[in-house]
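Observations on the three-dimensional arrangement
One letter stands for each residue in the lines below.
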Protein chains: 2
Amino acid sequence: MGKLDFAPIADTTRRAEIVALLRRAILTGQLKPGQKLNELRIAEQMRVSRAPLREAMRELVQEGLLTSIPYAGTFVVDVTAKDIDDAYSLNKVLDEFAIELTWPLRDQRFFEELDRRHEAVKQATRDLDTTRQIETALQLHGLIHEWADNSVMLETWQRLASRLQMYFALHQRARKEPVPAEDIHEIYVRLLKGTDMRAAQRHAREHIDLDFEELLAYARSLEQRDSKGADPDRPGLTRNRPESS
Amino acid sequence: MGKLDFAPIADTTRRAEIVALLRRAILTGQLKPGQKLNELRIAEQMRVSRAPLREAMRELVQEGLLTSIPYAGTFVVDVTAKDIDDAYSLNKVLDEFAIELTWPLRDQRFFEELDRRHEAVKQATRDLDTTRQIETALQLHGLIHEWADNSVMLETWQRLASRLQMYFALHQRARKEPVPAEDIHEIYVRLLKGTDMRAAQRHAREHIDLDFEELLAYARSLEQRDSKGADPDRPGLTRNRPESS
DNA sequence: TCTTGTTAGATTGTCGACAACCTGCTTTTC
DNA sequence: GAAAAGCAGGTTGTCGACAATCTAACAAGA
């Protein structure tokens, strides 16, 4: 028998492609938080029927990127400072656990992949491509979760990462200034290659601290001028929450 | 202005009801792991069109209770011993964190709710209603997550709890023997009311240990006779994995 | 006998149209 | 003039039918 094992072929349903398109639009900020998604308009633009579009939207609702209010519409999730804070603190706990699981599993391939992703971040930084920089930084960060060999945690991380990417993209887009040119991940990578697990865990916390504190401050400042509002395409306050009986 | 605030009315879409029905069927074991869901048949039984049914199924796929293979079908997730182990270890970490967050927020209402849920478990035990016993035990356990005031963690816990409930229901259903009559949650509740947080965290780990070890052993024993198979309505091995590009 | 090509049946994916519902404006009534 | 009733207009939820794809059985050829 041939010893090659082929990778499973990609699934080619419209639904899957729509999910990818919408997710990308949300994560890059083309679709802004609170904005309403008009099914008819989007379906026409994508040259697709509403059925697969709606199914795709249900997926993203469960993924936490959209919220749905029956008979009113589906909206991009609204980001509050507390959401970011919650995601941040849970992320710390997950990271600590991921490092613990990954630690004994580190091997040559791990270190190579670590360097590869680190390099991708540096490349994006050189290119001044902020969107890609966020994306690659999260991928670098996600390696320990992928390597930990715990499917439930990986899934949890991916959900978290989606939202984190959205938050950061929003932030970067707001302050127009260019990205920090220094390599803030240098120490993180070196510690993951080292022998002191506790040190790596400790740094993971503090390193993220830096990014997050700034993000949080920005989110809180937005919260202030919330009463001004009156944006079109905004969900009418909290009106009807999906039940999880 | 009136100071009453009313609870949001339940959303009355068919989709939501279908989700609830299907979830219940999976969690109680009416739909068995690996089983295929025939859309036409289910739609007819529920007197509903396929559109809302399919949307409901997409939600449950994202919730982790179903898996979908394009053009092949949607199946109840297959439970491996490793899945249970993964969920178990993540659950430990989450619990520890939840107790930490909840600890300073405990008040009279918390203790009352704790007792209420504890009582519900004892009632279900008296009734010899194993399904309800699992459900109430998880609700008791989930209180610390609901109280922690961290929306992201709560969401994570709910996803985890769904799967745990499914695992336990499967287990209970397999071994026909009646449920342990003693109150194994007595110590847990008392510790949550006490003053020693570390002790509560420690116990949470070990208390769950007991239940899980048995569950794991059962799952592993199932794994052995996996080659025998040949069940109808089974997904044809790993054929095509949904991508998360 | 084994492999390959074909075909029929069943199931999933997608479409266009209709019904239910919400929103804002107009009309009516006091 | 103000509040209630009623009427479009548009959007979401649902339906039934068609197209694309998979599975399994069968036939043809080596």
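Here's what I pulled together on the structure shown here.

Calculation rules
- Here the residue index of a chain counts from 1 through its sequence in written order.
- Lettering for chains starts from A, numbering for ligands starts from 1, and both go in the order in which the items are written.
- In keeping with the model being predicted, local features are shown solely for residues with a pLDDT of at least 70 and side-chain atom pairs are shown and tallied solely at 80 or more, while totals for entire chains, interfaces and linings include all residues.
- Side-chain metrics rest on all non-hydrogen atoms present in the structure, leaving aside hydrogens and water.
- Whether two strands pair depends on DSSP finding at least two bridges between them.
- Helical segments are the DSSP runs of H or I of at least four residues, strand segments are the runs of E of at least two, and each set is numbered from the N terminus.
- One heavy atom within 4 Å of a molecule or strand makes the whole residue count as near it.
- Side-chain atoms alone can form a polar contact between residues adjacent in sequence; in general such a contact is a pair of N or O atoms within 3.5 Å, and within protein one must be able to donate a hydrogen while the other accepts it.
- Two rings from Phe, Tyr or Trp (for Trp, the six-membered ring) form a pair when their centres are within 6.5 Å of each other. A pair whose planes differ by under 30 degrees is stacked, one over 60 is edge-to-face, and the rest are tilted.
- The buried label applies to any residue whose accessible area, calculated with a 1.4 Å probe on protein chains only, is under 20% of its type's maximum; exposed applies above 50%, and partly exposed to all values in between.
- A ring has a charge above it when a Lys NZ or an Arg CZ is no more than 6 Å from the ring centre and no more than 35 degrees off the ring normal.
- A pair is scored as a salt bridge if a Lys or Arg side-chain nitrogen falls within 4 Å of a carboxyl oxygen belonging to Asp or Glu.

Before going further, it helps to examine the sheet that holds strand S1 (residues 36–37) of chain A. Residue and element names in this part refer to chain A. Taken in spatial order, the 3 strands line up as S1-S3-S2 in an open sheet, and their pairing is antiparallel. In this open sheet, the two edge strands, each paired with only one partner strand, are S1 and strand S2 (66–69). The sheet contact formed by S1 and strand S3 (residues 73–76) spans 2 bridges and is antiparallel. Residue pairing across strands places Lys-36 opposite Phe-75, the latter belonging to S3.

Quick look at the sheet that holds strand S3 (residues 73–76) of chain B now. Strand order in the open sheet formed by 3 strands is S1-S3-S2 (chain B), with antiparallel pairing between adjacent strands. The sheet is open, and its two edges are formed by strand S1 (36–37) and strand S2 (66–69) of chain B, each paired on a single side.

Attention shifts here to the protein's contact with DNA strand C. Taken together, 20 residues are adjacent to DNA strand C, and Arg-14 and Ser-49 of chain A together with Asn-38, Arg-50 and Arg-54 of chain B come closest. Of what DNA strand C places within 4 Å of the protein, 75% of the atoms are sugar or phosphate. Here a phosphate oxygen of DNA strand C sits 3.4 Å away from a polar atom, N or O, in the main chain of Glu-39 of chain B. Here a phosphate oxygen of DNA strand C and a side-chain polar atom of Arg-58 of chain B are 3.4 Å apart. Where the surface near DNA strand C is concerned, the elements lending two or more residues are helix H1 (14–27) and helix H3 (50–63) of chain A together with S1 and helix H3 (50–63) of chain B.

A few words on the packing of aromatic side chains. Residue and element names in this part refer to chain A. Tallied over the full model, the rule gives 4 aromatic pairs over all chains. Their ring planes at 70° and their centres at 5.6 Å tell us that Phe-110 and Phe-111 sit as a pair that is edge-to-face. Classification of Phe-111 as partly exposed rests on a relative accessible area of 22%. Following the ring pairs from residue to residue traces out a cluster consisting of Phe-110, Phe-111 and Trp-147. Above the ring of Trp-103, the side-chain terminus of Arg-106 is found at 3.6 Å from the ring centroid.

With that settled, the discussion passes to the pattern of salt bridges. Charged atoms that come close allow side chains of opposite charge to pair. All names here are of chain A. Enumeration over the complete set of coordinates arrives at 40 salt bridges over all chains. We note a salt bridge from Glu-39 to Arg-54, for which the minimum N-O separation is 2.9 Å. Residue Glu-39 is located in helix H2 (residues 39–46), and its partner Arg-54 is located in helix H3; the two are separated by 15 residues in the primary sequence. For Glu-39, a relative accessible area of 15% puts it in the buried group. Note that Asp-115 is salt-bridged to Lys-193, the shortest N-O span being 2.8 Å. Residue Asp-115 is located in helix H5 (residues 108–126), and its partner Lys-193 is located in helix H8 (residues 186–193); the two are separated by 78 residues in the primary sequence. For Asp-115, a relative accessible area of 34% puts it in the partly exposed group.

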